[in-house]
Amino acid sequence: AHARQHRHGPSGWRQGQRVTPPGGGLTSQTLYVRNTGIAALPSGRSSFNPALAALERLRPEVDRTAIDAAVPGAENAPEPLAIIIGTGALARVESKYAHKGYRYTSLDGGVVAQSLSDMGALLGFEAWFSAAFDDAAIRDLLDIPTNAEIPLFVLYLVPAPGGAR
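Anyway, here's the lowdown on the structure attached to this text. (Residues numbered from 1 in each chain as written. Predicted model: local features only at pLDDT ≥ 70, side-chain atom pairs only at ≥ 80, totals over all residues. Heavy atoms only, no water.)

## Examining unusual backbone geometry
Unlike most non-glycine residues, alanine 98 shows phi in positive territory, near 50 degrees. Within the secondary structure layout, alanine 98 lies in the loop between α2 (90-97) and α3 (101-122). Since its relative accessible area comes to 44%, alanine 98 is described here as partly exposed. A positive phi angle, near 55 degrees, is found at aspartate 143, a position not held by glycine. Along the polypeptide, aspartate 143 turns up in the loop between α4 (135-142) and β8 (150-159). By relative accessible area, which is 68% here, aspartate 143 ends up exposed. (Helix = DSSP H or I, 4+ residues; strand = E, 2+ residues; numbered from the N terminus. Buried < 20%, exposed > 50% of the residue type's maximum accessible area, 1.4 Å probe, protein only.)

## Side note on the pattern of salt bridges
Where side chains of opposite charge bring their charged atoms close, a pairing between them can arise. Within this structure, the stated rule accounts for 3 salt bridges. With a shortest N-O distance of 3.5 Å, arginine 34 and glutamate 61 are connected by a salt bridge. Of this pair, arginine 34 sits in strand β3 (residues 29-35) while glutamate 61 is found in the loop between β5 (54-57) and α1 (64-70), placing the two residues 27 residues apart along the sequence. For arginine 34, a relative accessible area of 14% puts it in the buried group. Among the charged side chains, a network of salt bridges with common partners joins Arg64, Asp68 and Glu79. (Salt bridge = Lys/Arg side-chain N within 4 Å of Asp/Glu carboxyl O.)

## Section: the sheet that holds β8
Judged by pairing direction, the sheet is antiparallel, and its 6 strands sit side by side in the order β5-β4-β3-β6-β8-β7 without closing on themselves. Looking at strand neighbours, the two that pair on one side only are β5 and β7 (125-130), the edges of this open sheet. Strand-to-strand twist in this sheet, taken as the mean axis angle between neighbours without regard to direction, amounts to 30 degrees. Examined bridge by bridge, strand β4 (residues 44-49) and β5 share 4 bridges and lie antiparallel to one another. Looking at the pairing, phenylalanine 48 lines up with leucine 55 of β5. On top of the sheet, α4 reaches β3, β4, β6 (82-88) and β8; it is set at about 75 degrees to β8, its chief contact. (Pairing = 2+ DSSP bridges. Axes fitted to C-alpha atoms, helices over the stretch in contact; angles between N-to-C directions. Contact = heavy atoms within 4.5 Å.)

Spelled out as structure tokens, the structure:
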């Protein structure tokens, strides 16, 4: 499922619109996905490429126990079909909004997490998510630069009772 809507512009071409656009049009959000049980998504570790509206495979694989260790309470979460980690390009947002950048980046992350939860429910999944985690451990797992990109949330997609897989 694509998280996009399409409309026809004055030229007649279809133009993509994100369901959850980032603040300031800065494409400040990145989604990292660890999929183990959703047939429609590539298995393993991927990153969402907004230009292609597609997941791109990443290496190396990240083990669930390593993610759980960085997220308090995650060991009590149901077995996930996928784990989605949302990050924000804080440096990019700060370059435009200065001291408000952290607030906008965090707000964007919350909007994306809620949209993923809502879309998951429409597809027959439940979401368990947390914004309370060890930032440094998540950065290390994802191998992301500490000054440019910050982790915002960790979302576990789990099967809803009687839901899809």
